[in-house]
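This is what each chain is made of:
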Amino acid sequence: MDASLAGKVALVAGATRGAGRGIAVQLGAARATVYVTGRTTRSERSEMQRPETIEETAALVDSAGGRGIAVQVDHLVPDQVRELVARIDREQGALHLLVNDIWGATEMEWNATVWESTLDLGLRTLRLGVDTHAITSHFAIPLLIRTPGGLVVEVTDGTDEYNAANYRVSFFYDLAKAAVGRMAFALAHELRTHGATAVSLTPGWLRSEAMLEAYGVAEANWRDATARSPHFAISESPAFVGRAVAALALDPDVSRWNGKSLSSGQLAKVYGFTDLDGSQPDAWRYVTEVQDAGRPADTTGYR
């Protein structure tokens, strides 16, 4: 990127892996100082039992050109989030960008009605996907609005338009993802008078570490997975949504997006960034016009 986020401070809440890691690294590539949080460290794993750690993410931020600072935080514990924000204030004196990417759900019940769902699992999904975002915003935004021009990015799955028209996986998953989009809308209303902006942002079909593992491929040969799932051809790397966040953070006119539901593919066309392979996958348009329409997999015109 031609511009730089040097001197800017970001908090990527939920940066252990997936979209959060991709976002943190791309902010590092723009030279930001990035606090990366999560529950899994070199010495302790979360309930997800994945090997990725926040220390690895911080090191990747450093390698990209920024400064990565790993802090173990369970964003369901208010005291831990309060101390995290106090530490950022002590060490940096400001917060310019908050990315709420916290998720951490270990198991999904597909196509499960509210009465068929395992109640404890469903309520845990809401706690992990909704409460964590609200708790983090409660403590972090007062620091963020001390400096005009702050940005809050609520990361979700699906645009508001798509989620409003489509049932998403299960009652509890549907509710969690819709709630995150509404959070961005509400925050936009509350932040406007403070000179700050809030948006919701969704990646497309994300090639996270877990997704690559599930398909038995790596980033280098991800296209091999299309033999098993042809529509995987529209998938994108975590770097793509990371570049979307970096582009928003670098935009002096970012307030034009206040309260909007955005996608990485949509923003790529506005800002001109690409995925790692030089393409611009427009996943949500593809899902609507090709996948959900029952057409054969063909990404022509969509990446």
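Basis of the calculations
- Per-chain numbering applies: the sequence of each chain, read as written, is numbered from 1 onward.
- Reporting of local features is limited, given that this is a predicted model, to residues whose pLDDT is at least 70; pairs of side-chain atoms are given and counted only at 80 or more, and all residues count toward the totals for whole chains, interfaces and linings.
- Excluding hydrogens and water, the side-chain figures rest on all heavy atoms present in the structure.
- Note on aromatic contacts: the rings of Phe and Tyr and the six-membered ring of Trp form a pair at centre separations within 6.5 Å, being stacked when their planes are under 30 degrees apart, edge-to-face when over 60 apart, and tilted otherwise.
- A positively charged side chain is recorded as over a ring if its NZ (Lys) or CZ (Arg) lies within 6 Å of the ring centre. The angle to the ring normal must also be within 35 degrees.
- Put simply, DSSP H or I for four residues or longer makes a helix, DSSP E for two residues or longer makes a strand, and each gets a number counted from the N terminus.
- It only takes one pair of heavy atoms within 4.5 Å for two residues to be counted as in contact.
- Only protein chains enter the accessibility calculation, which uses a 1.4 Å probe; a residue is then buried when its area is under 20% of its type maximum, exposed when over 50%, and partly exposed in between.
- By construction, the arc corresponds to the directions joining the helix axis to the C-beta atoms.

Asks: Where do I start with the packing of aromatic side chains in this structure?
Replies: Centre distance and the angle of the planes are the two values used to describe a pair of aromatic rings. For the structure on display, the rule yields 9 aromatic pairs. In textbook terms, an aromatic cluster arises when at least three aromatic residues are bridged by ring pairs, as seen for Trp-205, Tyr-215, Trp-222 and Phe-232. Sitting over the face of the ring of Trp-103, Lys-177 holds its NZ or CZ atom 3.9 Å from the ring centroid. Above the ring of Trp-222, the side-chain terminus of Arg-207 is found at 3.9 Å from the ring centroid.

Asks: Teacher, can you tell me more about the environment of Ala-6 here?
Replies: Its location among the elements puts Ala-6 in the segment before strand E1 (9–13). Between the C-alpha atoms of Ala-6 and Ala-32, which are 26 residues apart in sequence, the distance is 5.0 Å. Ignoring anything within four residues of it in the chain, the contact list for Ala-6 reads Ala-30 and Arg-31.

Asks: Looking at this structure, I do not really get the side chain of Thr-125. What am I missing?
Replies: Tracing the sequence through the fold places Thr-125 in helix H4 (residues 119–144). Owing to a relative accessible area of 3%, Thr-125 belongs among the buried residues under this scheme. Setting aside anything within four residues of it in sequence, one finds Thr-125 in contact with Trp-103, Phe-172 and Ala-176.

Asks: What's the story with helix H9 (residues 264–271) in this structure? I'm lost.
Replies: Because an α-helix packs 3.6 residues into every turn, residues spaced three or four apart end up facing the same way. The set of residues buried in H9 consists of Ser-264, Gly-265, Leu-267 and Ala-268. Projection of H9 onto a plane perpendicular to its axis shows the buried side chains occupying an angular sector of 160 degrees, all on one side. Immediately beyond the C-terminal end of H9, within one or two residues, lies Gly-272, with a positive phi of roughly 85 degrees.

Asks: Teacher, can you tell me more about the environment of Ile-88 here?
Replies: Here Ile-88 is to be found in helix H3 (residues 78–92). For Ile-88 and Ala-140, which are 52 residues apart along the polypeptide, the C-alpha to C-alpha distance reads 9.4 Å.

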